[in-house]
Amino acid sequence: MAEASQDKPDLTNGVPDNDLGDGAMLVGQVGGEAVLLARRGREIFAIGATCTHYGGPLGEGLIVEDTVRCPWHHACFSLRTGEALAAPALNATSCWRTERRDGRIFVGDRISEAGRQLPAKPRPTDGPRERMVIIGGGGAGNAAAEMLRRGGYAGGVTIISDDAAAPYDRPNLSKDYLAGTAPEEWIPLRPPKFYADNGIELRLGTTATAIDTARRHVMLGGEELGFDKLLLATGAEPIRLQVPGADLPHVRTLRSLADSRDLIARARRGTHAVVVGASFIGLEAAAALRHRQVEVHVVAPEARPMERVLGPELGDFVRQLHESHGVVFHLGHTVGAIEAGRVRLDNGVPIDADLVVVGIGVRPRIHLAQQAGLAIDRGVLVNEYLETSAPGIFAAGDIARWPDAYSGEQLRIEHWVVAERHGQTAARNMLGRRERYAAVPFFWSQHYDVSIDYVGHANAWDEIVQDGDPNTHDAALRFRQAGRTLAVATIFRGRESLLAEAAMERGRSP
């Protein structure tokens, strides 16, 4: 939603040319709508100042060449057209004409509408029609389908998803939606009409059972669906707890919209919940349940939550943050058994529990790729174009293991923004663009009123360089190996996170 900015300068009246230096931004308004004025060299641009993802302030972001990046979740927009170039934003922002006269810069007429789409309608044909098939209706699959149309593809596009719901905003399921602060209408990525208008066929509640790479067919039970190019975006599935009582009905996982709705139905004031696993999903769920006045205990084998990813300092901060909101930790322990109204730890200590949320990780859903004979290594191996070992078959999202340009490693990462950007790049390469995937991994994790941003990827490090104090909600930590920064975690330093991302894209250690 466009930000009301009546207190900002009216850009139709102009601003002094000297007020806007090269690479600078200024936020004003046109007709009450926030407008970002930006300069690159002699060129002046004016686009909507509000990110179309979650409403982040683009004026606090970062200009990179002729783009601007959002400080909240790193969406990227063209300064020339307002187009959303990189996820998580999918909609364009508005764009205005600008002119210089008499030493001032003026914003004129609007030249594009917010959220404008330029779909390629399927071509009418008397014979067989080209078809792109996408298996998986998550972030990667949805972003790929949209990008095929934005890229001018006019053949058939089909998304096959075993989820009964149309593509939705998965990160919100463990955050605001579960907490009750995000309304239902925020959850679908697109309204049903979008898919119809753009000629994207959704085959929901449908399971692909096999892929015939030679005949280029996907088997859907007794039906066959031919494809010219195929994208595998099958995602991941939660790892199940293997203890007595793990199959009881109040033991739940959190992966799908149906899972989140089920937890909401079970979460009532006075409910006693045990979260198994101090993972990002587990602790985000703990924060959301506390917002609903649910009593929450967290059981995990590690000494600090999230220490393996965020290190000891941030691990301690996350624990203290949750404890300040009433979460009780049982670290260094595992679940021994689950009973009807309680959980018993490995040392026999009982904890009351009418609800158990299991968040001990996920595993990639690679069985279709294995059956098809694709190269596998703890995920589906792809090249720099996200193409698998079978020509014309691509993989994206949680299942894909790709060569990361910055680290030089083969990575498989379970991040929403990575999945969406995979889908966008894979779609362009399905159209023959030969675009290398070079985006730097990014995720954010929300705990109460604190968001932790993380760019890059560090499996291991020999030092953590810290600036600021997490306890004051103002910090940056650099995870370094042999003097090179592999990842940067920040708290309320959005621009610093963007600068780190931009440096890594250029191959430089931030």
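On a predicted model such as this, the values are computed, not experimentally measured, just so you know. Numbering of residues begins from 1 in every chain and follows the order in which that chain's sequence is written. Only residues with pLDDT of 70 or above have their local features reported here, since the model is predicted, and side-chain atom pairs are shown and tallied only from 80 upward, although totals for entire chains, interfaces and linings are computed over all residues. Note that the side-chain values use all heavy atoms of the structure and ignore hydrogens as well as water.

Hey, could you run me through the overall build of the protein in this one?
Elements are defined by DSSP. Helices are runs of H or I of four residues or more, strands are runs of E of two residues or more, and each kind is numbered from the N terminus. Each helix and strand counted, the protein has nine helices and 36 strands in total. Each radius of gyration reported is based on C-alpha atoms, and the globular scaling rule is 2.2 Å times the count of residues to the power 0.38. The C-alpha radius of gyration computed for the protein amounts to 24 Å, which stays within 12% of the reference 24 Å derived for 510 residues, consistent with globular compactness. Its C-alpha atoms give the protein principal-axis dimensions of about 80 × 65 × 45 Å. Relative accessibility under 20% of the residue-type maximum defines a buried residue, over 50% an exposed one, and the middle range a partly exposed one, all with a 1.4 Å probe and only protein chains included. Residue burial in the protein is summarised as follows: out of 510 residues, 55% are buried. Should any heavy atoms of two residues lie within 4.5 Å, those residues are counted as being in contact. Considering only residue pairs separated by 6 or more positions, the protein has 58% of its internal contacts joining residues 24 or more positions apart. A total of about 20900 Å² of accessible surface is found on the protein, and carbon and sulfur atoms cover 48% of it. Taking the average place of the 57 positive charges on the side chains of the protein and the average place of its 65 negative ones, the gap between the two points comes to 4 Å. The accessible surface values rely on the Shrake-Rupley method and a 1.4 Å probe; as for residues, cover is taken only from the protein chains in view. Counted charges follow a simple rule, with Lys and Arg positive, Asp and Glu negative, and His plus the chain ends left uncounted. Where a charge lies is defined by one atom per residue type, namely NZ (Lys), CZ (Arg), CG (Asp) and CD (Glu).

Is there a simple way to explain the pairing of strand S26 (residues 355–358) in this structure?
Walk down a regular strand and you will see the side chains alternate between the two sheet faces. Here S26 shows no split at all, with Leu355 and Val357 on one side and Val356 and Val358 on the other all buried. Between any two strands, pairing holds if DSSP finds at least two bridges. Two strands pair when backbone bridges link them, and strand S19 (residues 251–253) and S26 are joined in this way by three bridges, in the parallel orientation. Across the sheet, residue arginine 252 finds its bridge partner in S26, namely valine 357. Looking at chain direction, strand S20 (residues 272–276) and S26 are connected through four bridges and run parallel. Bridging from a neighbouring strand, valine 274 pairs with valine 356 of S26.

Hey, could you run me through the sheet that holds strand S17 (residues 229–232) in this one?
Two modes of strand pairing occur in sheets, parallel and antiparallel, and in both the strands are linked by backbone hydrogen bonds. The sheet built from five strands is open, its strands ordered S13-S12-S11-S17-S29 with parallel pairing. The open sheet has two free edges, formed respectively by strand S13 (200–204) and strand S29 (393–395), since each of these has just one partner strand. Put simply, the sheet's adjacent strands are angled 15° from each other on average, direction ignored. Across five bridges, the pairing between strand S11 (residues 131–135) and strand S12 (residues 156–161) is parallel. Bridge pairing in S12 places valine 133 opposite threonine 158. Of the strands in this sheet, S11, S12, S13 and S17 are in contact with helix H1 (residues 139–150), which crosses S12 at around 175°. Axis geometry follows a simple rule: fit a line to the C-alpha atoms, using only the stretch in contact for helices, then measure angles between N-to-C directions, giving values from 0 to 180 degrees. Here helix H8 (residues 416–430) sits on the sheet in contact with S11, S17 and S29, set at roughly 165° to S17.

Even after reading the chapter, I still don't get the packing of H1 against H8, so can you show me in this structure?
When two helices pack together, you describe them by how their axes are tilted relative to each other and by the distance separating the axes. Following both chains from N to C, one finds H1 and H8 inclined at 35°, their axes separated by 7 Å at the closest point. Helix-helix and strand crossings are classified by hand; for H1 and H8 the assignment is right-handed. Listed contacts from H8 to Gly139, Ala140, Ala143, Ala144, Met147, Leu148 and Arg150 of H1 are Trp416, Ala419, Glu420, Gly423, Gln424, Ala427, Arg428 and Met430. Residues that form the contact of H1 with H8 fall into these classes: nine nonpolar, three polar and three charged. Crossings are sorted by hand: turned counterclockwise from the far helix by less than a right angle, the near helix makes the crossing left-handed, and turned clockwise it makes it right-handed. Note on residue categories: nonpolar means Ala, Val, Leu, Ile, Met, Phe, Trp, Tyr, Cys or Pro, charged means Asp, Glu, Lys or Arg, and polar means any other residue, Gly included.

Mind showing me how you'd approach the packing of aromatic side chains here?
Within a pair of aromatic rings, the relevant descriptors are the distance that separates the centres and the angle that separates the planes. When two rings of Phe, Tyr or Trp (its six-membered ring) have centres within 6.5 Å they constitute a pair, described as stacked for plane angles under 30 degrees, edge-to-face for angles over 60, and tilted for the intermediate range. Enumeration according to the criterion identifies eight aromatic pairs in this entry. Ring centres of tyrosine 54 and tryptophan 444 lie 6.4 Å apart, and the angle between their planes is 85°; this geometry places the pair in the edge-to-face category. In this pair, tyrosine 54 sits in the loop between strand S4 (43–48) and strand S5 (62–64) while tryptophan 444 sits in strand S32 (residues 442–447), placing the two residues 390 residues apart along the sequence. Overall, the relative accessible area of 32% leaves tyrosine 54 in the partly exposed class. Judged by relative accessible area, which is 8%, tryptophan 444 ranks as buried. Seen in terms of ring centroids, tyrosine 454 and phenylalanine 479 are 6.1 Å apart; in terms of plane orientation they differ by 50°. Their pairing is tilted. With tyrosine 454 in strand S33 (residues 450–456) and phenylalanine 479 in strand S35 (residues 474–481), this pair connects stretches of sequence that are 25 residues apart. For tyrosine 454, a relative accessible area of 3% gives the class buried. Among the aromatic residues, those joined into a ring-pair cluster are Phe280, Phe443, Tyr454, Trp461 and Phe479.

Looking at this structure, how should I read the side chain of threonine 67?
Tracing the chain through its elements places threonine 67 in strand S6 (residues 67–69). From its side chain, threonine 67 meets the backbone oxygen of valine 64 in a polar contact 2.7 Å long. Apart from residues lying up to four places away in sequence, threonine 67 is in contact with Leu62, Cys76, Phe77, Leu79 and Leu85. Here a polar contact means two N or O atoms within 3.5 Å. Within protein one must be a hydrogen donor candidate and the other an acceptor candidate, and residues neighboring in sequence count only if both atoms are side-chain atoms.

Can you walk me through the packing of helix H5 (residues 280–291) against helix H6 (residues 307–324) in this structure?
At their nearest, the axes of H5 and H6 sit 12 Å apart, and the two run at 20° to each other. In terms of their interaxial angle, H5 and H6 are classed as roughly parallel. For the element pair H5 and H6, the recorded crossing hand is left-handed. On the side of H5, the interface is formed by Phe280, Leu283, Ala286 and Ala287, while H6 contributes Val309, Leu310, Val318 and His322. Across the contact of H5 with H6, the residue classes break down as seven nonpolar, one polar and no charged. For classification purposes, angles smaller than 35 degrees are called roughly parallel, those larger than 145 roughly antiparallel, those between 65 and 115 roughly perpendicular, and all remaining angles oblique.

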